Amino acid sequence: MSEGRVLVVDDQQSIRKLVCMHLTKAGFEAFDAVDGNDGLAKATEMVPDLIISDLMMPGMDGIELCKRLKADTRLREVFFIMLTAKSRTEDKIKGFGSGADDYMTKPFNHQELLARVQSAMRIRNLQKELTKLGEIKDEFLGIAAHDLRTPLTVIKGWCDLFNEEMLGALNDEQKEAVDGITQQVKLMLNLINDLLDVTKIESGKVELNLGQCKIQDVVAQHERSYALLASKKNITLKTEFGNDMPSVNLDKERISQVLNNLLSNAFKFSPEGSSITMASVKSGDFIEISVVDTGIGIPEEAMHKMFQKFSQAGHRAPGGEKGTGLGLAIAKKLVKLHGGRVWVESKEGKGSTFTFSLPIEGPQDLPEMEEAAVSSEAE
Ligand SMILES: Nc1ncnc2c1ncn2[C@@H]1O[C@H](COP(=O)(O)OP(=O)(O)OP(=O)(O)O)[C@@H](O)[C@H]1O
Ligand SMILES: [Mg+2]
């Protein structure tokens, strides 16, 4: 059995041959490519475990090749060793900056090269194991959440029957008890639905149901459904739209979910008497939708954790409402699936503005690189 698949990228034939020969002798499957472009094409086709690439090459150099590979979700995990004649520290830093995992200078000692390749392969194998464990965890979570949902739905059904007094009249104490059970069951169902959503999106199982949609309609629907809560909390809910808002190619249900997650936060983290605005404008080939609140805001040090699962890095809700810290993580993933991005601006004590953008034409087949570039803002 092979020790692993290694792609050697170098414009010098003698180096390619030499490295491949040493690797083959040591039990690896070795492949070669003549420059960055050839390397990228071959890596995309065969997905090796490890790439050993020269830095200076005509056309696409090693730095660019490494950047492209690390921006592609399929190839991101491939271990990358940069091989070069340069030994200056700044060249090494540049190499690592592009995402290289290790560095070797030419002329190289073949035993050192093999030792590094073997150590890289150990890391690669551990990574693979970790990915597999992650998949098992997601599958387990999916099954557990799914199996919990069914009995909870039945319990909620019974609660509804009691609440509607279909099973006989209830006294005040009994009403309060049934109400308490109903609230808790609803919380658990929301949590389970969120967990299922995250698992589904993370395992790439969410398919967008795209169609032309006016964002004003989605916003208006939310304005209606939040009217009661707004009046209860004495919050003024406003909408603002730019001129010439186009129809957008989107999944209405999923974008409603995004807006709902942002809006429910705005209500949760705003005191009585404040105001919330849902605003939308066209910006180039995108539309941007913002939920602006004048609530408690987010501490500076928590800002970078906002979109992480379960983080709840900001303040607690002043009204004591509970949550699980999945709303923003789900919103980020759904927006990303549409080819958009999401970001937040906030000042503690003054309020927060959460904005997401959506491409008017709908999700294109974006190169993975752009996907990676946008995610950092919401990281
Ligand atoms: N509009 C906001 N104003 C102030 N803090 C916010 C706002 N939106 C989110 N946060 C902070 O970010 C955290 C994460 O939000 P997120 O929506 O992911 O989770 P949650 O609301 O706590 O729970 P869930 O949405 O899963 O019910 C919140 O717990 C809160 O600390
Ligand atoms: Mg939330």
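Residues numbered from 1 in each chain as written. Chains lettered and ligands numbered in written order. Predicted model: local features only at pLDDT ≥ 70, side-chain atom pairs only at ≥ 80, totals over all residues. Heavy atoms only, no water.

Trainee: Looking at this structure, how should I read the pairing of strand S9 (residues 275-283)?
Mentor: Taken together, the six bridges between strand S7 (residues 236-241) and S9 define a ladder with parallel strand orientation. Looking at the pairing, Thr236 lines up with Ser275 of S9. Here S9 runs beside strand S10 (residues 286-293); their pairing, made up of eight bridges, is antiparallel. Across the sheet, the residue bridging to Ala279 is Ser290, located in S10. (Pairing = 2+ DSSP bridges. Helix = DSSP H or I, 4+ residues; strand = E, 2+ residues; numbered from the N terminus.)

Trainee: Where do I start with the confidence of the model for the chain in this structure?
Mentor: Regions with low pLDDT carry predicted coordinates that are not meant to be interpreted in detail. Summary statistics for the chain give a mean pLDDT of 90 and a share of 96% for residues scoring 70 or more. Predicted confidence for residues 367-377 stays below pLDDT 50, and this span has 14 contacts to residues more than four positions away or in other chains. (pLDDT = per-residue confidence, 0-100. Contact = heavy atoms within 4.5 Å.)

Trainee: It is not clear to me how the environment of Asp49 should be interpreted in this structure. Could you clarify?
Mentor: Examined against the element boundaries, Asp49 turns out to sit in the loop between helix H2 (36-46) and strand S3 (50-54). As a C-alpha pair, Asp49 and Glu176 span 127 residues in sequence and 60 Å in three-dimensional space. Setting aside chain neighbours within four positions, we find Asp49 in contact with Gly4, Arg5, Val78, Phe79, Met121, Arg124 and Lys128. Here the side chain of Asp49 touches Arg5 through a polar contact of 2.8 Å, landing on its backbone nitrogen. (Polar contact = N/O pair within 3.5 Å; in protein donor to acceptor, adjacent residues only side chain to side chain.)

Trainee: Just to check I follow, could you spell out the site of ligand 1 for this structure?
Mentor: The local shell around ligand 1 holds 19 residues, among which Asn265, Lys268, Asp293, Gln312 and Leu326 are the closest. Within the contact set of ligand 1, an oxygen atom lies 2.7 Å away from a side-chain nitrogen or oxygen of Gln312. Backbone polar atom of Gly327 to an oxygen atom of ligand 1: 3.2 Å apart, as the coordinates give it. In isolation ligand 1 has 600 Å² of accessible area, and contact with the protein removes 93% of it. Of all elements in the fold, only helix H9 (252-268), helix H10 (327-337) and strand S12 (351-359) reach the threshold of two or more residues within the shell around ligand 1. Across the shell around ligand 1, the residue classes break down as six nonpolar, 10 polar and three charged. (Near = heavy atom within 4 Å. Areas by Shrake-Rupley, 256 points an atom, 1.4 Å probe, with all protein chains shown as cover. Nonpolar A, V, L, I, M, F, W, Y, C, P; charged D, E, K, R; others polar.)

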